[in-house]
Amino acid sequence: MTTLPIRDDDRLFVLTGAGVSAESGLPTFRGADGLWRGHRVEEVASPAAWHRDPQMVWEFYSWRREVHRAVRPNPGHVALARLEQRLGERLFLCTQNVDSLHEQAGSKRVVHMHGRLLESRCDRCTRPPAEDARSYASLAEVPRCPCGGLWRPNIVWFGETPFHLDSILDALGRASLFLAVGTSGAVYPAASFAQAARQAGACTIYIGPEEPLNRHAFDECVLGESGKVLPELFPHD
């Protein structure tokens, strides 16, 4: 596949995963080497970990924020931002990633189903999240909400419900093209999106360096890095 033709009546759903950010230098925390200080990410990014040791959780996310400051969008991010300029609301960009690389590349309507690394929210009340890019050296530095609750990263942890599922499911049902980029097909519910789009009549395409676990849900599988494949699929005029 060299280019992906898009008709004037097509609606494109794009799901991006950790592989896209990994090309910019962000760790994926998947596989045997996906550890932080000897901990699996599931042991740090969970409500149980927060209640047990919020200091450790904030050390992990403060480190991730520091790593985030050093990376930049890659050509895959840029290609999707340019495609959004072309398609407007006919492109629904949903990401499993919590970084801001899509926004840095110019994307304006990114749906972060797993939250955002550079935001925090109260662990007690329902006040809206606030922008927060700081790294905290100790728990004593972490702000408290007016209600008395402690700020936590605005991240969907293991065991929590992803954000924006209603709008995501609506977009899946209306899509004529579904494109998954750099996602392993191992994390649910995102791993079920390709099959849902296919059942609704969409053509499903996967892009990544290796086949996903849910390969059966895709009509076509294009092996390669998103930073190389996406600019070819969607050439900039």
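Predicted, not measured: the structure shown is a model, and the values here were computed from it.

A.B. asks: Run through the overall build of the chain, naming residues and quoting values.
C.D. replies: For the chain, the count of helices and strands is nine helices and 11 strands. Its C-alpha atoms give the chain a radius of gyration of 18 Å, within 12% of the compact-globule value 18 Å for 237 residues. Seen along its three principal axes, the alpha-carbon backbone of the chain occupies a region of about 55 × 35 × 35 Å. Scored against the burial criterion, the 237 residues of the chain give a buried share of 51%.

A.B. asks: Explain the sheet that holds strand E9 (residues 177-181) residue by residue, including any values.
C.D. replies: One open sheet accounts for six strands, arranged E5-E4-E1-E9-E10-E11; its pairing is parallel. Of all strands in the sheet, those bounded by a partner on one side alone are strand E5 (110-112) and strand E11 (220-223). Neighbouring strand axes in the sheet, compared pairwise and without regard to direction, differ in orientation by 20 degrees on average. As paired strands, strand E10 (residues 203-208) and E11 are joined by four bridges and run parallel to one another.

A.B. asks: Help me get a handle on the pattern of salt bridges, residues and values and all.
C.D. replies: Tallied over the entire structure, the rule returns 11 salt bridges. The salt bridge partner of Asp10 is Arg7, with a shortest N-O separation of 3.1 Å. One salt bridge connects Arg152 with Glu160, and the closest N-O pair in it is separated by 2.9 Å. Using a relative accessible area of 6% as the deciding quantity, one classes Arg152 as buried. It is possible to trace a salt-bridge network through shared partners that takes in Arg7, Asp9 and Asp10.

A.B. asks: Give a detailed account of the pairing of E10, specifying residues and quantitative values.
C.D. replies: The buried count for E10 comes to five of six residues, which makes it a mostly enclosed element. The pairing of E9 with E10 spans five bridges and is parallel. Directly across from Leu179, in E10, lies its bridge partner Ile205. In this view, the connection linking E9 to its parallel neighbour E10 by way of helix H8 (residues 193-199) has right-handed handedness.

A.B. asks: Describe the state of the cysteines, and please don't skip the residues or the numbers.
C.D. replies: Throughout the structure, instances matching the rule amount to zero disulfides. Cys94 carries a free sulfur, and the closest cysteine sulfur to it, the one in Cys203, is 19 Å from it. This cysteine, Cys147, is not joined by any disulfide, and Cys122 carries the nearest cysteine sulfur, 3.5 Å off. On the basis of relative accessibility, which here comes to 29%, the residue Cys147 falls in the partly exposed class.

The rules we used
Residues numbered from 1 in each chain as written. Predicted model: local features only at pLDDT ≥ 70, side-chain atom pairs only at ≥ 80, totals over all residues. Heavy atoms only, no water. Helix = DSSP H or I, 4+ residues; strand = E, 2+ residues; numbered from the N terminus. Rg over C-alpha atoms; globule rule 2.2 N^0.38 Å. Buried < 20%, exposed > 50% of the residue type's maximum accessible area, 1.4 Å probe, protein only. Pairing = 2+ DSSP bridges. Axes fitted to C-alpha atoms, helices over the stretch in contact; angles between N-to-C directions. Salt bridge = Lys/Arg side-chain N within 4 Å of Asp/Glu carboxyl O. Right-handed = clockwise from strand over helix to strand, strands pointing away. Disulfide = S-S within 2.5 Å.

By themselves, these observations are geometric and do not establish any function.
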